Protein chains: 4
Amino acid sequence: MSPSPPAVAPDRTLGAALGFELLEVGPERATGRFAADDRVKQPLGLVHGGAFAAFAESLASVATYEAVASDGLIAVGLSNHTSFLRPIFAGIVRADGRRRHRGRTTWLWEIDFSDDEGNLCAVSRVTLAVRPAPGG
Amino acid sequence: MSPSPPAVAPDRTLGAALGFELLEVGPERATGRFAADDRVKQPLGLVHGGAFAAFAESLASVATYEAVASDGLIAVGLSNHTSFLRPIFAGIVRADGRRRHRGRTTWLWEIDFSDDEGNLCAVSRVTLAVRPAPGG
Amino acid sequence: MSPSPPAVAPDRTLGAALGFELLEVGPERATGRFAADDRVKQPLGLVHGGAFAAFAESLASVATYEAVASDGLIAVGLSNHTSFLRPIFAGIVRADGRRRHRGRTTWLWEIDFSDDEGNLCAVSRVTLAVRPAPGG
Amino acid sequence: MSPSPPAVAPDRTLGAALGFELLEVGPERATGRFAADDRVKQPLGLVHGGAFAAFAESLASVATYEAVASDGLIAVGLSNHTSFLRPIFAGIVRADGRRRHRGRTTWLWEIDFSDDEGNLCAVSRVTLAVRPAPGG
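Described in the following lines is the structure provided in the data block. Small disclaimer: the values here were computed from a predicted structure and weren't measured.

## Overview of the interface of chain A and chain B
Each partner contributes residues to the interface: chain A has 40 residues there, and chain B has 40 residues. For the side of chain A that touches chain B, the elements supplying multiple residues, two or more each, are α1 (14-17), α2 (49-68) and β3 (73-84) of chain A. When grouped by side-chain class, the residues that make up the side of chain A that touches chain B number 20 nonpolar, 15 polar and 5 charged. By the bridge criterion, 5 bridges tie β3(A) to strand β3 (residues 73-84) of chain B in an arrangement that is antiparallel. The residue of β3(B) that forms the bridge with S79(A) is S83(B).

As structure tokens, this is what we get:
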């Protein structure tokens, strides 16, 4: 679609800016976490809805990318739908992602977010397109 | 739902961490922008899908909050669905939000994102619950 | 919100028109099925995407309504997001719904659809508002 | 993806069962309507959420299909997200669809639904994949 943009050093990306940490990243399951620090909050002191959406996007994208890269394919986000069920004010936000679909052209993940007490706090559905790498 | 959490200083929030700038914030229309800097990108050099989702969430939340606060109400995000249409590698990302529904208990916004050439690059639908302020 | 509309006889509703059958309808789990007949198909011979969306809406609405009615509450659909993973041409479409959230004002269900071979063919997320019954 | 299923006669499809009527069907704009008859209602007497979702799916699918067929392509529904803003009990439901994105591999439509008074009652976002016709 365009000449390759310059890559961004891992410590300068959105994921680094928000303290995202990926733990397990597999083709069917992916998990991670981030601290409920000020930098992921909105002014009223609760975790920003966009932090859940962004984490889900990172988790699903990286997991899909790593699964398809050896076939000369890339993963491109198509959509992200995150529902917010319960606010988080402090502690660690845990994410648990399950791949629900592995098609030829699209993958779909569902990611659950929970707080330190194990309450379900948000759910995301992330859909990605899988395509040949440009110039691949 | 809980004792009031400590507020976060505006320069320490997610919006500050990602360089979000709100411009017009009204009850029917809300606009803003952010620079396509490294801190909103994913490692491959394009703007992270989560940056669009988070910006839409901020824009709709602040606009709704400001419209209902004088009635003793607050706005709480229910869901955020962002579709990614075209990647952005550089320049300024512009957001243009329209309120589509103002109900007694829910508000709904649609936000369009465009790049420096005016191409539509992402669309978000943000739904918020409007409720009495705790202790209000 | 308005004077009570006339109820519709069960054999004249959308669910009857499309052959929907609810099986288990509980507060945490709900299941059902419908035949892949012409009346749920689009012209090319596959099950219409709207049939999955409509079935999910019925299943989640009825299950929520039955769970809250004894408290003088009703359930009102807020949103339905259905993703289509694999076409169905024939046989029985099975739906398996799980309640993911039971809040004071919103409930959220996720519904999986599968074909006769057990393949996952569509997933729905249905969000409902729970409110006092009008005149209740 | 499979041998071609038998086509369904237009008067036997889901669209016929529910009384759907397409009016304008163009590559950028598509409109239609259906009557708020019993067959599109749920038992409480209001238009079933699935009727809005199904109509949006029909409208966007047909409009996209007609726009790409001459290039040997087909349109396949990827997802449908419909939000319900205001109930409809009677009259005609009008749908007004706008194509928001025409990509090489995906199209995206937004459809607004209104009642006889012109109130916005539901909004849908429909995403379709565009692919070479099987055997094309």
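## What about the interface of chain A and chain D?
Taken residue by residue, the interface counts 7 residues in chain A and 7 residues in chain D. For the side of chain A that touches chain D, the secondary-structure elements that each account for two or more residues are β3 and β6 (120-132) of chain A. Considering every element that reaches the side of chain A that touches chain D, the biggest residue donor is β3(A), with 3 residues.

## Section: the relation of the copies chain A and chain D
Under the fitted operation, chain A is carried onto chain D by 0.0 Å of movement along the axis and a turn of 180°, and the coordinates agree to an RMSD of 0.0 Å. Classification of the inter-copy transformation places it as that of a two-fold axis. Both copies share a contact surface, since 100% of the interface residues of chain A are interface residues in chain D too.

## A word on the packing of α2(A) against helix α2 (residues 49-68) of chain B
Close contact between α2(A) and α2(B) brings their axes to 8 Å; oriented N to C, the two are set at 165°. When the axis of α2(A) is compared with that of α2(B), the two are roughly antiparallel. Seen from above, α2(A) lies across α2(B) with right-handed handedness. Along its contact with α2(A), which presents G49(A), G50(A), A51(A), A53(A), A54(A), E57(A) and S58(A), the element α2(B) presents G49(B), G50(B), A51(B), A53(B), A54(B), E57(B) and S58(B).

## Examining the nonpolar core
L18(A), L18(B), L18(C) and L18(D) are the most contacted members of the largest nonpolar core, which totals 152 residues. Setting aside residues up to four positions removed in sequence, L18(D) forms contacts with L14(C), A17(C), F34(D), R39(D), V40(D), A51(D) and A54(D).

## Focus: the relation of the copies chain A and chain B
Once turned by 180° and shifted 0.0 Å along the axis, chain A lies on chain B with an RMSD of 0.0 Å. The residues that chain A uses at the interface reappear at the interface of chain B in 100% of cases, marking a shared surface.

## Focus: the sheet that holds strand β2 (residues 29-35) of chain C
Spatially, β1(C)-β2(C)-β4(C)-β5(C)-β6(C)-β3(C)-β3(D)-β6(D)-β5(D)-β4(D)-β2(D)-β1(D) is the arrangement adopted by the 12 strands of the open sheet, whose pairing is antiparallel. Two strands in the sheet have a free side with no partner beyond their single neighbour: β1 (21-25) of chain C together with β1 (21-25) of chain D. If you compare each strand with its neighbour and ignore which way they point, the axes differ by 20° on average. By the bridge criterion, 11 bridges tie strand β3 (residues 73-84) of chain D to strand β6 (residues 120-132) of chain D in an arrangement that is antiparallel. By the bridge assignment, H81(D) is partnered in β6(D) with R125(D). Strand contacts of helix α2 (residues 49-68) of chain D: β3 (73-84) of chain C together with β1, β2 (29-35), β3, β4 (92-102), β5 (106-114) and β6 of chain D, with the helix running at about 150° to β3(D), the strand carrying the most contacts.

Reading the values: rules and limits
Residue positions are given per chain, counting from 1 as you read along its sequence in written order. Chain letters start at A and ligand numbers start at 1, both assigned in the order the entries are written. For this predicted model, a pLDDT threshold of at least 70 governs which residues receive local features, and a threshold of 80 or more governs which side-chain atom pairs are given and counted, while totals over whole chains, interfaces and linings are taken from all residues. In this description, any two residues whose backbone-derived C-beta atoms lie within 7 Å of each other are considered to be in contact. Starting at the N terminus, helices and strands are each numbered in turn, a helix being any DSSP run of H or I of at least four residues and a strand any DSSP run of E of at least two. Lys, Arg, Asp and Glu make up the charged group, whereas Ala, Val, Leu, Ile, Met, Phe, Trp, Tyr, Cys and Pro make up the nonpolar group; the residues left over, Gly among them, are polar. Any two strands between which DSSP finds at least two bridges are classified as paired. Copies are brought into register by a least-squares superposition over C-alpha atoms of residues with pLDDT of at least 70 in both. Axis lines are fitted through C-alpha atoms, for helices just across the contact stretch, and the angle between N-to-C directions can take any value from 0 to 180 degrees. Angles are sorted into four bins: roughly parallel if under 35 degrees, roughly antiparallel if over 145, roughly perpendicular if 65 to 115, and oblique for all others. Note: crossing handedness is left-handed where the near helix turns anticlockwise from the far helix by less than a right angle, and right-handed where it turns clockwise. Put simply, a nonpolar core is buried Ala, Val, Leu, Ile, Met, Phe, Trp, Tyr and Cys residues tied into one set by C-beta atoms within 7 Å. Here a residue counts as buried when 20 or more other C-beta atoms fall within 10 Å of its C-beta, as exposed when 12 or fewer do, and as partly exposed in between; the C-beta atoms come from the backbone.

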